[in-house]
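What follows is each chain in one-letter form.
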Amino acid sequence: MSTVSSQKEAVLTQDLQPLQVAKRLEKFKTTIFTQMSMLAIKHGAINLGQGFPNFDGPEFVKEAAIEAIKSGKNQYARGYGVPDLNSAIVARFQKDTGLVVDPEKEVTVTSGCTEAIAATMLGLINPGDEVILFAPFYDSYEATLSMAGANVKCITLRPPDFSVPLDELKSTISKNTRAILINTPHNPTGKMFTREELNTIASLCIENDVLVFTDEVYDKLAFEMDHISMASLPGMYSRTVTMNSLGKTFSLTGWKIGWAIAPPHLTWGVRQAHSFLTFATSTPMQYAAAVALRAPESYYEELKRDYSAKKAILVDGLKAVGFKVYPSSGTYFVVVDHTPFGLENDVAFCEYLIKEVGVVAIPTSVFYLNPEEGKNLVRFTFCKDEGTLRSAVERMKEKLLRGVDK
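Summary of the structure given here. (Residues numbered from 1 in each chain as written. Predicted model: local features only at pLDDT ≥ 70, side-chain atom pairs only at ≥ 80, totals over all residues. Heavy atoms only, no water.)

**Describing the sheet that holds strand β3 (residues 130–135)**
Note the cut-off: Any two strands with at least two DSSP-identified bridges between them are counted as paired. Helix and strand definitions here come from DSSP, where helices need a minimum of 4 consecutive H or I residues and strands a minimum of 2 consecutive E residues; each element is numbered from the N-terminal end. Orientation is described by lines fitted to C-alpha atoms, with helices fitted over the stretch in contact, and by angles between N-to-C directions that extend from 0 to 180 degrees. Contacts were defined at the residue level, with two residues in contact if any of their heavy atoms lie within 4.5 Å.
The seven strands lie next to each other as β2-β8-β7-β6-β5-β3-β4, forming an open sheet whose pairing is mixed. Looking at which strands have only one partner, the edges of the open sheet turn out to be β2 (107–110) and β4 (151–156). Between one strand axis and the next, the sheet turns by 20° as a mean value, whatever way the strands run. As paired strands, β3 and β4 are joined by six bridges and run parallel to one another. Directly across from F134, in β4, lies its bridge partner I155. Strands β2, β5 (177–183), β6 (211–215), β7 (240–245) and β8 (258–261) of the sheet are contacted by helix α5 (residues 112–124), whose axis makes an angle of about 160° with β7. Lying over the sheet, helix α6 (residues 139–148) contacts β3, β4, β5 and β6, oriented at roughly 165° with respect to β3.

Here's what the structure looks like:
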C-alpha cells in the first residue's frame, strides 16, 4: 500500500470515530450562532442573526490599543485586571449606580462577559446547587451551569411583553435555591426588567438567602426605560455578582474584555475560577478599554440615537413584511412571531429564510429548556449598518411575501 493510500485510510478511520465529549456537555451541540453564520456564508445571506456589528468601534479606542501595543504593554496582565481598567470600571459603575466599590478587591477583569459568567458559575456553584434561569436565555448560561453540575430550574417569560410571572417565581424560589440569574436588558427578547419585578426578586432573594448573578452587557442600549442594576437595590450588593463587557457598547466584540463586580466574599470564588480558566486577559486591550470607559456621556447618547434609527428601520420593515413584532425596550435584538408564513417551527423557518430569501435570523427554541416554548419565535438583530438593514428588509419584502403567495 502506498504512503498516500495509508494516509487516506488513516484520515477516513479518524473521521469514522465517534465524537468524544463529557456527559455534562453531550446535549450541547455546535452553537446555533455558528451554525447560522456558516449557512449565511454558504448561501450569501445577510446576517441579521449573530449579534456582532458589521461596523467598527470608535477610532479613539482603537488608537489607544495601538498605543498600548507600541509602548510595550504586551506581557501577561495582572490576573484580575490592570489597575487602570479596574479603576475605570469602578468609576463607570459609580456613575451608573451610585455604588462605590473597591477596584482591587471587588472587580475581576475577564475574557469577555462569557468568561465572567463561566467563572461565576464555576466559582460559586457546587454540584447539585439549585439555580433559577429565565427562559429564553443566552445559551452559555445552561452550558456553564451544566459544567458546574447545577440543578437548573426555569421560569418562562412569555410574549407579548415577556413579563416575569411573579407568582410562579414565588412558588419556585426557596431556601434550597442557591442563585438566580438575570439578564437585563434581555437577550433575546429585548425585555428590560421593571423596578417592580426587580424589587420583588430582591425581596425573595433576601428572604431565602439567594445569590443573584446579573448579566448587564446591554445596559447602554436601553431605549424605552432606564436600566436598573440589581446591585443598586437596598440590601442587594452583598449578594450580587454584576457582569458586563466592552464589546456591545463599543462595537468591539472581538476584543473579549469583560468584568465581574461583587463584594469580596463573592469575588474570591469568581477569581479562583478565573485563575484557572484564562488567568489573565489581553493586556493592551485592557488599557484601551480603560480609555473607552472614560468616554463622555455624549458618546452613549449618540450610540443610543444611532441604534434607535437602526431599530426603526428593522422593526418597521418586519411589520411591513407581515411579522408580528414584539416590543423590544433594550439590546439590539427584536423577537418576532414567524407563524404567519406557514412554516412548521422556528428552525424550519430560519432555514427557509436563509436558503430562499437570503437573510439570517436565529431560531429561539435553542434558548429554552423546552424547545417547544420557542418554536413560534425568531430573533433578528439590528447591530448592522443602515444599508445592510434596508437590503435585508427589501429581500424579505420581495422574496418572503412572494414565497408565501405561491
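Right, picking up where we left off after that structure.
**Remarks on the nonpolar core**
Which entries qualify depends on this criterion: Think of a nonpolar core as a cluster: buried Ala, Val, Leu, Ile, Met, Phe, Trp, Tyr and Cys residues, connected wherever their side-chain atoms sit within 4.5 Å. Exposure categories follow from relative accessible area, calculated using a 1.4 Å probe and restricted to protein chains: below 20% of the type maximum is buried, above 50% is exposed, and the middle band is partly exposed.
Among the nonpolar cores identified, the biggest contains 128 residues, and F134, F213, L246, F250, F323, F380 and M396 are the most heavily contacted of them. With nine residues, helix α12 (residues 297–321) is the largest single contributor of residues to this core. Excluding anything up to four places from it in sequence, F323 contacts L318, V336, D337, H338, F341, F349, F380, M396 and L400.

**Comments concerning the side chain of D139**
Let me state the cut-off plainly: Charge counting treats Lys and Arg as positive and Asp and Glu as negative, with His and both chain ends excluded. Every case where a carboxyl oxygen of Asp or Glu lies within 4 Å of a side-chain nitrogen of Lys or Arg is listed as a salt bridge.
Within the fold, D139 resides in helix α6. Buried charge D139 goes without a salt bridge, the closest partner of opposite sign being R379 at 8.1 Å.

**Focus on helix α8 (residues 195–208)**
Applicable threshold: One less than the residue count of a helix, multiplied by 1.5 Å, gives the span that helix is expected to have.
Given a rise of 1.5 Å per residue, 14 residues ought to cover 20 Å, and the 20 Å separating the end C-alpha atoms of α8 matches this to within 8%. Those residues of α8 not exposed but buried are E197, L198, T200, I201, A202, L204, C205 and N208. Where α8 is buried, its residues meet β3, α7 (166–172), β5 and β6. A positive backbone phi angle near 55° is found at D209, which sits one or two residues after α8.

**Details of the packing of aromatic side chains**
The criterion, for reference: The criterion for an aromatic pair is that two Phe, Tyr or Trp rings (for Trp, the six-membered ring) have centres within 6.5 Å, with stacked assigned to planes under 30 degrees apart, edge-to-face to planes over 60 apart and tilted to the rest. A ring is scored as having a charge over it whenever the NZ atom of a lysine or the CZ atom of an arginine sits within 6 Å of its centre and within 35 degrees of its normal.
For the coordinates displayed, the defined rule picks out 19 aromatic pairs. Among the aromatic residues, ring-to-ring pairing joins F55, Y218, F223, Y307, Y332, F333 and F382 into one connected group. Across the ring face of Y80, the terminal group of R271 is positioned such that the distance to the ring centre comes to 3.8 Å. The ring of F333 has R379 sitting right over it, with the charged end atom 3.7 Å from the ring centre.

**Quick word on the sheet that holds strand β9 (residues 324–325)**
Pairing is antiparallel across the open sheet formed by four strands, whose spatial order is β9-β10-β13-β12. What marks the edges here is a single partner per strand, and that holds for β9 and β12 (362–363). Pairing of β12 with strand β13 (residues 377–381), which is carried by two bridges, proceeds in the antiparallel orientation. When the sheet's bridge partners are listed, P363 is paired in β13 with V378. The strands touched by helix α13 (residues 346–357) are β12 and β13; relative to β13, the strand with the most contacts, the crossing angle is about 40°.

**Quick look at the pairing of β7**
Judged by how many residues are buried, β7 sits mostly within the fold: six of six residues are covered. Alternating positions in β7 separate into two faces, T240, T242 and N244 on one and V241, M243 and S245 on the other, with burial throughout. Here four bridges tie β6 to β7, and the two strands are oriented parallel to one another. Pairing of F213 across the sheet is with V241, part of β7. Sheet topology note: the β7/β8 ladder contains four bridges and is antiparallel. Each bridged residue has a counterpart across the sheet, and for S245 the counterpart in β8 is G258.

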